[in-house]
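Residue-level listing of the chains:
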Amino acid sequence: MPALLTDTPTLTGDLVQLRPVTARDVGRLHALMRDPEVGRLTGSVHDDAEAGRDPWTVVQLQEVYARWARDTDRLVWTVVERSTGQVAGEAVLLDHDPGNASIGFRIWLGGSRDRGLGTEATRLAVGHAFEVLGLHRVELEVYAFNPRARRVYEKVGFVLEGTKREALRYADGWVDCHVMGILAREWSRPLDPGSPAPGTTPPPPAR
């Protein structure tokens, strides 16, 4: 299994393509990280004043992605919108636990909301975890002030498993963090009414 986490594959859907991060992607990713919503919803900042600031320089971010590319416990993808060819964000399978056949997932998109990109990117990554890596479990965390992301994860099949109360300090308050997971046996179920399960081909229309 670890060998499968040394080479990042390209995964292609109808709306997005997940591909390895290249050096020329980093400038665009750096710009997208300035979206205040990215910092806030990922819990990377602690107040509105911090949101939109550059956590890294482009050179530092290049070093981060180069280091991640060498790691054997994660797969890091650039999310590319196929209709425009533009980089839209990042998706990651991380913290691989081979003993328990589990892995974590995270995703962020900048300026590309409400177009189905996040849903498809999540399905591609989770499908790879189950169908190619043969894992048993994928889990993630989502903050309570991000109900849009939670609806995406539920659509893909993630189930709320618990809440870490007041896990994030933001401005003058505290925000709960929801823990969600999906198991391999749950991945085989249809996700949306009338939609085929991931990895299957829909039947031809009736004639």
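Per chain, residues are indexed from 1 in the order of the written sequence. Restriction of local features to residues with pLDDT of at least 70 applies here, the model being predicted, together with a cutoff of 80 or more for giving and counting side-chain atom pairs; totals for whole chains, interfaces and linings are based on all residues. To get the side-chain values, all heavy atoms of the structure are used, and hydrogens and water are removed first.

Engineer: Describe in detail the pattern of salt bridges, supporting the description with residues and values.
Structural biologist: If charged atoms from side chains of opposite charge come close, those side chains can pair. Criterion for a salt bridge: a side-chain nitrogen of Lys or Arg within 4 Å of a carboxyl oxygen of Asp or Glu. The tally for this structure, following the rule as stated, stands at ten salt bridges. A salt bridge links Arg150 to Glu154; the shortest N-O distance between them is 3.1 Å. With a gap of four residues between them, Arg150 and Glu154 both fall in helix α5 (residues 147-156), about one helical turn apart. Exposed residues in this analysis have more than 50% of their type's maximum accessible area, buried residues have under 20%, and partly exposed residues fall in between, with area computed by a 1.4 Å probe over protein chains only. Overall, Arg150 belongs to the partly exposed group, its relative accessible area being 25%. Each of Asp71, Asp73 and Arg74 takes part in one network of salt bridges that share partners. Helix and strand labels come from DSSP, where a helix needs a run of H or I of at least four residues and a strand needs a run of E of at least two; each type is numbered from the N terminus.

Engineer: Can you explain α5? Please cite residues and give values.
Structural biologist: Listed as buried for α5 are Ala149, Val152, Tyr153 and Val156. On an axial view of α5, the arc spanned by its buried residues comes to 95 degrees, and they lie on one face. Residues of α5 that are buried sit in contact with β5 (102-109), α4 (117-131), β6 (137-143), β8 (173-183) and α6 (184-187). Taken from the residues just after α5, Gly157 is the one with a positive phi, measuring 125 degrees. What the arc describes is the spread of directions from the helix axis to the C-beta atoms. Whether two residues touch is decided by their heavy atoms; if any such pair falls within 4.5 Å, the residues are in contact.

Engineer: Could you give an account of unusual backbone geometry, with specific residues and numbers?
Structural biologist: Phi angles above zero are rare outside glycine, and Ala101 is one such case at about 50 degrees. For Ala101, the location among the structural elements is in the loop between β4 (86-97) and β5. At Glu166, a position not held by glycine, the phi torsion is positive, near 45 degrees. Looking at where Glu166 falls in the secondary structure, it is placed in strand β7 (residues 159-170). With a relative accessible area of 49%, Glu166 lands in the partly exposed category.

Engineer: Got a sec to walk through the side chain of Glu81? Specific residues and values, please.
Structural biologist: Locating Glu81 in the fold gives a position in strand β3 (residues 75-81). Excluding residues within four positions of it along the chain, Glu81 makes contact with Leu15, Gln86, Arg115 and Leu117.

Engineer: So what about the pairing of β8? Which residues, and what values?
Structural biologist: Across the eleven residues of β8, eight count as buried, placing the element largely inside the fold. One requirement defines pairing of two strands: DSSP has to find at least two bridges between them. When β6 meets β8, the two strands line up antiparallel, connected through seven bridges. By the bridge assignment, Val142 is partnered in β8 with His178. As defined by bridge partners, β7 adjoins β8 across eight bridges and the pair is classed as antiparallel. Within β8, the position partnered with Val159 by the bridge is Gly181. Between β7 and β8, which follow one another and run antiparallel, lie two residues, and Ala171 among them has a positive phi close to 55 degrees.

Engineer: Go over the packing of helix α1 (residues 23-32) against helix α3 (residues 58-70) with me, naming the residues and quoting the values.
Structural biologist: The N-to-C vectors of α1 and α3 enclose an angle of 125 degrees; their axes lie 9 Å apart at closest approach. When the axes of α1 and α3 are compared, the pair comes out oblique. You can see that α1 and α3 cross each other, and the crossing is right-handed. Of α3, the residues touching α1 (which contributes Ala23, Val26, Leu29 and His30) are Val58, Leu61, Gln62 and Tyr65. Gly is put with the polar residues, along with every residue not named as nonpolar or charged; the nonpolar set is Ala, Val, Leu, Ile, Met, Phe, Trp, Tyr, Cys and Pro, and the charged set is Asp, Glu, Lys and Arg. Here the residues of the contact of α1 with α3 are counted per class, giving six nonpolar, two polar and no charged. Every axis corresponds to a line fitted to the C-alpha atoms, with the helix fit spanning only the stretch in contact, and the corresponding angles, defined between N-to-C directions, vary from 0 to 180 degrees. Should an angle fall under 35 degrees it is called roughly parallel, over 145 degrees roughly antiparallel, and 65 to 115 degrees roughly perpendicular, with every other angle called oblique. Throughout, a crossing is termed right-handed when the near helix is turned clockwise from the far one, and left-handed when it is turned anticlockwise from it by less than a right angle.

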